[in-house]
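Descriptive analysis of the structure
Now for the letters of each chain:
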Amino acid sequence: MKAQSLFVNMDQLLGEAAKLQVEGYRYVALTAVEIDGQTVELIYHFDLNLGMRHLRLSVQKGTRVPSITPVYLAAFLAENEIQDLFGVVFSGLAVDFKGTLYTENEMRGRVPFCRYTVVGSEKGEAAGQGDNSREDSSGEAS
Amino acid sequence: MKSTVIPIGPQHPVLPEPVHLKLTVVDEVITDVVPSLGFVHRGLEMLVDSRDYHQVVQIVERVCGICSMMHAMCYCQGIEEMMGIEAPPRAKYLRVIWSELHRMHSHLLWLGLFADSFGFESLFMQFWRIREKVLDIHEATTGNRVIVSVNKIGGVGKDLDDDQIEWILSELKNIKREVRRLGPTLLDDYTVKKRTVGRGVLTSQQAIDLGTVGPTLRASGVARDMRQLGYAALGELDFEPVIEEAGDSWARCKVRFKEVLASIDMIRQAAGKIPAGDIAVRVKGAPPEGEAISRVEQPRGEVFYYIKSKGQKKLERLRIRTPTFANLPALLSILPGLYLSDVPVVVLSIDPCISCTER
Amino acid sequence: MFKMTPNILRNLITDKATRLYPFETREPWTGVRGELGIDIEKCTFCGICALKCPTGCLSVNKKEGLWICDPFVCVYCGVCVESCPKKCLYQDLVYREAADEHGKIVMKGEPPRRKKEAET
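Residues numbered from 1 in each chain as written. Chains lettered and ligands numbered in written order. Predicted model: local features only at pLDDT ≥ 70, side-chain atom pairs only at ≥ 80, totals over all residues. Heavy atoms only, no water.

A short note on the overall build of chain C
- Along its length, chain C carries 4 helices and 5 strands.
- Listing every helix and strand of chain C by position from the N terminus yields α-β-α-β-β-α-β-β-α.
- For 120 residues, the compact-globule estimate of 2.2 N^0.38 gives 14 Å, and the C-alpha radius of gyration of chain C, at 23 Å, exceeds that figure by more than 25%.
- For chain C, the C-alpha atoms occupy an extent of roughly 90 × 30 × 25 Å along the three principal directions.
- Taking all 120 residues of chain C together, the buried fraction comes to 27%.
- Here the analysis covers contacts within chain C between residues at least 6 apart in sequence; of these, 69% occur between residues at least 24 apart.
- Between the centroid of the 19 positive side chains of chain C and the centroid of its 16 negative side chains there is a distance of 8 Å. (Helix = DSSP H or I, 4+ residues; strand = E, 2+ residues; numbered from the N terminus. Rg over C-alpha atoms; globule rule 2.2 N^0.38 Å. Buried < 20%, exposed > 50% of the residue type's maximum accessible area, 1.4 Å probe, protein only. Contact = heavy atoms within 4.5 Å. Lys, Arg positive; Asp, Glu negative; His and termini not counted. Charge placed at Lys NZ, Arg CZ, Asp CG, Glu CD.)

Now the structure itself:
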């Protein structure tokens, strides 16, 4: 898997995705892996003729990530899922559920799939669409 | 004309599982669709935190009831790859046999539900009657009807003796005859064609762009089937993906119908070639370490597993991308422009499995 | 009409496809994973079944010689039966019937006595 991976940063992400799309790659999945308390790794998986390519993007919690939906529309469900469960916020989402795809409003600001402790105020920023998210996030579970 | 919003689901007579679609309708024509999920979200991916990696086999089986065997197979193959062990040849053939039986029972279930979606009740019953025979084979050979629980890391947990293989083949002969008898009723019927032909057309370029998988992709004329990867013993069997060109609901129905017959053929081949020997290897040594990706073709399409482990008993991360998750964007793009009365047929034509999708 | 007639005749002379279920039951297949049971005499209370169980429905108390199963949590996967070193666990051919009350199966056996205790 390492061999087919390409590490990108936020500015390169859309460009690399567009390159893959021109080559005919099909979007397969988007995985979020929590590395430690500060970073989440996003892995974009693509497939062409049974061969896979992966784009890896390391995200500091609390920063906004450009959505790849302008290039691959199909990614909107996975991006919404990660927004709900990991608290990573995507900008420019084609269909933005604003954190209500899986979770309800009262869950706003919490990240059920993160296992490491997160700093409350930063989380509040990250899930910033809700105004009432800040109080909730202080009680974040580890 | 003024537009109206009509909600469909989460409780709806044709939907087997809860999904909510908010349809914006002008007159009778749909102009916009917004889905909403999360009614059966169980957070199974996070259960890897509290179970060791052997016990996760039973957890992933419960991601989806209908394709449980393939979920477990996909997970076991991923772990086997990480640990550098290989299942014995007999186990690989047994995995093929059970997974193809699973594909048959899932497709027969779907064909029945599809018939039900346009109100063909007796055809629905007929398909489910045949499906019951497949479930009998499951129960007699593995012990359980649907969640068969035969996979384990390093092989399979149950064996088939010669008598059982003989019996499976004779049962399959009957099943094939009965499925063929129902073929013309489903595929040549005037009313069925009227409801399905040309409804929900997905062109091959659209299908690739929207990342669809499985029969939905193959009905649009793209020959992409994860069985071409040759996992388990599939590399040694003669296999050709079933494709259709039209890309409408009828083509998707036809692909699934032909795949039932293709699965019977695959089981016959596997039963003819099955080697003698062990059914599992002992798993020794340290827990898996590193990352692995595993892909398997399920009845609904490609399932994708990403497994990450730090060499401890409990896995670090397990990511499951189920086929319906990949097919939903396509569904949302084909619904606008259709009549409201086509919604049940077109929604069912991608074979939605919502519990899988939300995990 | 010509196509239908043979079908009608066939349906008239053949049996029903269904069974009158509660009154007529099918013989269970051999090897069905039904209700979990234990041969408590043979059990050594090693606790391997409780460790391997993916749902955690089993608990074993070595001191008092108790084997406790919560049948409402059991998923009939058969992992415990496979892993039992004494082969004292088994699965019946019939499934557990529906119940209106929650309860656990508690089996009490003779706990294995340590050598020291046996001497005194």
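Section: the layout of surface pockets
- Taken as a whole, the largest pocket encloses approximately 1900 Å³ of empty space.
- For the largest pocket, the lining is made up of 43 residues, of which M125, Q126 and R129 of chain B together with A17 and T18 of chain C are closest to its centre.
- Of all the elements, helix 4 (residues 121–142) of chain B adds the most residues to the lining of the largest pocket, at 10 residues.
- By residue class, the composition of the lining of the largest pocket is 16 nonpolar, 8 polar and 19 charged.
- Volume-wise, the second largest pocket comes out at about 950 Å³. (1 Å grid on protein atoms, 1.4 Å probe; cavity = no way out; pocket = protein on both sides within 12 Å on 5 of 7 lines; lining within 4 Å. Points joined across faces, edges and corners; volume = space filled by probe spheres on them. Nonpolar A, V, L, I, M, F, W, Y, C, P; charged D, E, K, R; others polar.)

Description of the interface of chain C and chain B
- Each partner contributes residues to the interface: chain C has 19 residues there, and chain B has 18 residues.
- At the boundary of chain C with chain B, total buried surface from both sides reaches about 1500 Å², with 40% on carbon and sulfur atoms.
- Contact with chain B buries surface across chain C, with W29, R33 and P54 of chain C losing the most and accounting together for 39% of the total.
- Seen at the junction of chain C and chain B, the total is 3 salt bridges. (Buried area = accessible area lost by both parts, 1.4 Å probe. Salt bridge = Lys/Arg side-chain N within 4 Å of Asp/Glu carboxyl O.)

Remarks on the sheet that holds strand 6 (residues 289–298) of chain B
Residues and elements named next belong to chain B.
- Within the open sheet, the 3 strands sit side by side as 6-7-8. Their pairing is antiparallel. Of all strands in the sheet, those with a lone pairing partner are strand 6 and strand 8 (317–321), marking the two edges. In this sheet, neighbouring strand axes are inclined to one another by 10° on average, regardless of whether the strands run parallel or antiparallel.
- The sheet contacts of helix 10 (residues 323–334) involve strand 6, strand 7 (301–310) and strand 8, and relative to strand 8 the element is tilted by about 45°. (Pairing = 2+ DSSP bridges. Axes fitted to C-alpha atoms, helices over the stretch in contact; angles between N-to-C directions.)

Considerations on the pairing of strand 7 of chain B
All names here are of chain B.
- Burial of strand 7 is extensive: 9 of the 10 residues sit out of reach of the surface.
- Between strand 6 and strand 7, which pair antiparallel one after the other, the connecting turn spans 2 residues.
- In this sheet, strand 8 lies alongside strand 7 in antiparallel orientation, the contact comprising 5 bridges. Across the sheet, I307 pairs through a bridge with L318, a residue of strand 8.

A word on the arrangement of the chains
- Taken together, the 2 pairs of chains in contact show their highest number of contacts between chains A and B.
- If you take every C-alpha in chain A and every C-alpha in chain C, the smallest gap between them is 21 Å, and the two do not touch.

Considerations on the sheet that holds strand 2 (residues 58–61) of chain C
Residues and elements named next belong to chain C.
- Pairing in this open sheet of 3 strands is antiparallel, and the strands run 2-3-5 from one edge to the other. At either end of the open sheet lies a strand with only one pairing partner, and these are strand 2 and strand 5 (105–108). Averaged over neighbouring strand pairs, the angle between their axes works out to 15° when direction is ignored.

A look at empty space enclosed by the protein
All names here are of chain C.
- Summed over all chains, the structure comprises 11 cavities of 30 Å³ or more.
- Reported here for the second largest cavity is a volume of approximately 100 Å³.
- Around the second largest cavity, the lining comprises 15 residues; the ones closest to its centre are C43, C46, C49, C84 and C88.
- Split by residue class, the lining of the second largest cavity holds 12 nonpolar, 2 polar and 1 charged.

Structural notes on a negative patch on the surface
- Among the surface-exposed residues, D161, D162, D163 and E166 of chain B lie close enough to one another that they form a single negatively charged patch.
- Looking at where E166 of chain B falls in the secondary structure, it is placed in helix 5 (residues 162–187). (Patch = residues over 30% accessible without salt bridge, like charges linked within 9 Å, V, L, I, M, F, W, Y side chains within 5 Å. Areas by Shrake-Rupley, 256 points an atom, 1.4 Å probe, with all protein chains shown as cover.)

Structural notes on the confidence of the model for chain A
- Considering every residue of chain A, the mean pLDDT works out to 73; 74% of them sit at 70 or more.
- Between residues 119–142 of chain A, whose pLDDT stays under 50, and residues either more than four places distant or in other chains, the model counts 39 contacts. (pLDDT = per-residue confidence, 0-100.)

Describing the confidence of the model for chain C
- Mean pLDDT over chain C works out to 81, with 92% of the residues at or above the 70 mark.
- The complex model carries a pTM of 0.85, and its ipTM stands at 0.82.

Describing a nonpolar patch on the surface
Residue and element names in this part refer to chain C.
- Together, M4, I8, L9, L12 and I13 make up an exposed nonpolar region whose accessible area comes to about 570 Å².
- Tracing the chain through its elements places L12 in helix 1 (residues 4–13).
- Of the residues examined, L12 reaches a relative accessible area of 65% and is grouped as exposed.

A few points about the interface of chain A and chain B
- In this complex, chain A contributes 36 residues to the contact, which on the side of chain B involves 41 residues.
- Regarding the contact of chain A and chain B, the summed buried area is about 3200 Å², with carbon and sulfur atoms giving 59% of it.
- When the area that chain A buries against chain B is broken down by residue, the three leading residues are R26, L50 and Y102 of chain A, summing to 22%.
- On the surface where chain A and chain B come into contact, there are 4 salt bridges.

Section: the packing of aromatic side chains
- Using the criterion set out here, one finds 8 aromatic pairs over all chains in the structure.
- Where Y27 of chain A meets F46 of chain A, the ring centres are 6.4 Å apart and the plane angle is 70°; that geometry is what we call edge-to-face. In this pair, Y27 of chain A is assigned in strand 2 (residues 26–34) and F46 of chain A in strand 3 (residues 39–48), connecting sequence segments 19 residues apart. By the burial criterion, Y27 of chain A is buried, and F46 of chain A matches it.
- Taking 5.1 Å as the distance between ring centres and 55° as the angle between the ring planes, the aromatic pair formed by F124 of chain B and W128 of chain B counts as tilted. Taken as a pair, F124 of chain B and W128 of chain B lie in helix 4 at a separation of 4 residues, close to a single helical turn.
- Above the face of the W110 of chain B ring, R256 of chain B is positioned so that its terminal group lies 4.3 Å from the ring centre. (Phe/Tyr/Trp six-rings, centres within 6.5 Å; stacked < 30°, edge-to-face > 60°. Lys NZ or Arg CZ within 6 Å of the ring centre and 35° of its normal.)

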